[in-house]
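Examination of the molecular architecture
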Amino acid sequence: MIQLSERLLAMEESATIAMAKKSRELKSQGKDVISLSLGEPDFHTPAFIKAAAVEALDQNYTTYTPVPGYDDLRESIAHKFKRDNNLTYAKDQIVVSTGAKQSIANLVLSLINPGDEVIIPAPYWVSYLEIVKVAEGVPVVISAGIDKDFKITGADLEAAITPRTKLFMFSTPCNPTGSVYTKAELQDLARVLAKYPQVVAMSDEIYEHINFVGKHESLAQFPEIYNQVVTVNGVSKAWAMTGWRLGYIGAPKEIAAACDKVQGQFTSATCSITQRATIAAMNADPIVLKDMIAAFESRRNLVLNGLNNIPGLKVNQPGGAFYVFPDCSAYFGKSFNGQMIHNSDDLCMYLLEVALVACVGGAAFGDPNCFRISYAASEETLQKAVDRISNALAQLQ
Ligand SMILES: Cc1ncc(COP(=O)(O)O)c(C=O)c1O
């Protein structure tokens, strides 16, 4: 009999992928399901990036590449960091990977010994916790509820730091809440981190361009902690390149070298064609994204308007990304046809079955009172989804 590893058995299946699977099943039975469960833009990759990929194929960029990415790709990423974030990273501080997901896994495997503590503010992106568990680290979760706009303060961070703390991981703009840390809020975290130079901070900024509140702020901008911060980014979200698989880090040299070493044994590097195409994305002025960002903002407003009119839902106003994370706890204890709602996972199952709208329960993100709606869909679809959610919730007694 095959015996799977304890490491694998302790790992949760990704809740977002599980929900997508379930809604595909219902769709295949002919049900008109609206899927708002995946973190994927509904735009296509811009034509100039696709053209760069075609050119790369024609030029036979089809062999293994340097493990941390082509030199000229890393130079273009260094240029992007300077242009957009005023961060200075040399080429050997940059490692390109098979999605930001692998960038994060490389980092955690490079730093974490069994028993090391990793501070993760909740709500968090689902994979942070599971990757830390695989590395036999101990996740230390700090909860920041909707009343704090789902953000932690320097004092919250400091209260969680112990002599075993090795890493702090967070995202801004945040998946699943869309919350965006201001410069002052990041400065407050930096003030605390500077007191603990042994703690590395991972700042996941993959949604940087999908920001409705102004300029994106990076944690690494504060010189007193620059040498402790690993900035994670990638092309999946802003450039609508989820399937191409490219993420990258800007990091202290020794951390970049460690991630390069891990990657050399696991994947060698990401796809050569993707790397060539990404040079075009990195060199483009982000102003070309303005129509997409405006579309996301308008969709956000539509969804917020709809949700704010549903009694019992408590809704945050996300400043970025393409998610809303409403608190639905007022519905716990209610039921429909004998089906009782105990938590947001039950509520999402109810919404899938009765409203035919797929969302994701908050437990996987560390907040079972809330659920995530991804508004990467057309306004017409979103309006239909909000109406269906509203009708279904009205039936709960
Ligand atoms: C916060 C966050 N970080 C990282 C990723 C991973 O992105 P990718 O591996 O597609 O680059 C995602 C994708 O959903 C995300 O939401």
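Residues numbered from 1 in each chain as written. Predicted model: local features only at pLDDT ≥ 70, side-chain atom pairs only at ≥ 80, totals over all residues.

Another point: the overall build of the chain. Summing up its helical and strand segments, the chain has 13 helices and 14 strands in all. In summary, the chain has a C-alpha radius of gyration of 21 Å against a globular reference of 21 Å for 397 residues, a match within 12%. With the principal axes as the frame, the chain shows a C-alpha extent of 60 × 55 × 55 Å. For the chain, buried positions account for 48% of its 397 residues. At a minimum sequence separation of 6, the contacts of the chain that also span at least 24 residues come to 73%. (Helix = DSSP H or I, 4+ residues; strand = E, 2+ residues; numbered from the N terminus. Rg over C-alpha atoms; globule rule 2.2 N^0.38 Å. Buried ≥ 20, exposed ≤ 12 C-beta atoms within 10 Å, placed from the backbone. Contact = placed C-beta atoms within 7 Å.)

With that out of the way, let us pick up the nonpolar core. In this structure, Met 202, Ile 249 and Val 357 are the most contacted members of the largest nonpolar core, which totals 114 residues. By residue number, the principal contributor to this core is helix α12 (residues 344-355), which donates 6 residues. Two domains each provide a minimum of three residues to this core, namely domain 1 (6-44 + 289-394) and domain 2 (47-285). In this structure Met 202 touches Ile 104, Leu 107, Leu 167, Phe 168, Met 169, Val 230 and Val 232, once residues within four positions along its chain are discounted. (Core = buried A, V, L, I, M, F, W, Y, C linked by C-beta atoms within 7 Å. Domains from an automatic or database assignment.)

Let's shift gears to the sheet that holds strand β8 (residues 247-250). Strand order in this open sheet of 7 strands is β2-β8-β7-β6-β5-β3-β4, and the pairing throughout is mixed. Every other strand in the sheet has two partners, leaving β2 (94-97) and β4 (138-143) as the edge strands with one partner each. Put simply, the sheet's adjacent strands are angled 20° from each other on average, direction ignored. Here strand β7 (residues 229-234) pairs with β8 via 4 bridges, running antiparallel. Each residue of the ladder has a partner; that of Thr 231, found in β8, is Gly 250. Contacts from helix α9 (residues 253-266) reach β2, β7 and β8 within the one sheet, and its direction differs from that of β2 by about 30°. (Pairing = 2+ DSSP bridges. Axes fitted to C-alpha atoms, helices over the stretch in contact; angles between N-to-C directions.)

Another aspect to go through is the environment of Asn 305. Note that Asn 305 resides in helix α11 (residues 290-308). Here the alpha-carbon distance between Asn 305 and Val 315, two residues 10 residues apart in the chain, equals 9.9 Å.

Before going further, it helps to examine the domain arrangement of the chain. By a frequent convention, interface size equals the accessible area lost on bringing the separate parts together. Annotation of the chain at the domain level lists domain 1 (6-44 + 289-394) and domain 2 (47-285). On a C-alpha basis, the centroid separation for the pair domain 1 and domain 2 is 26 Å. Taken together, the contact between domain 1 and domain 2 spans 35 residues of the former and 29 residues of the latter. At the level of elements, α2 (15-28), α11 and β9 (323-324) are the ones that each hand at least two residues to the side of domain 1 that touches domain 2.

The next thing to look at is the packing of α11 against helix α13 (residues 379-394). The contact between α11 and α13 brings their axes to 10 Å, and the two run at 15°. One element, α11, and the other, α13, form an angle in the roughly parallel class. The element α11 and its partner α13 pack so that their crossing is right-handed. Facing α11, whose interface residues are Ser 298, Arg 299, Leu 302, Val 303, Gly 306 and Leu 307, α13 presents Glu 379, Leu 382, Gln 383, Val 386 and Ser 390. The residue inventory of the contact of α11 with α13, partitioned by class, reads 5 nonpolar, 4 polar and 2 charged. (Parallel < 35°, antiparallel > 145°, perpendicular 65-115°, else oblique. Left-handed = near helix turned anticlockwise from the far one by under 90°. Nonpolar A, V, L, I, M, F, W, Y, C, P; charged D, E, K, R; others polar.)

This part takes up the sheet that holds strand β13 (residues 360-361). Here we have 3 strands laid out as an open sheet, ordered β9-β14-β13, and antiparallel in their pairing. Of all strands in the sheet, those bounded by a partner on one side alone are β9 and β13. Bridging between β13 and strand β14 (residues 371-374) involves 2 bridges; their strand directions are antiparallel. Looking across to β14, one finds that Gly 361 is bridged to Phe 371.

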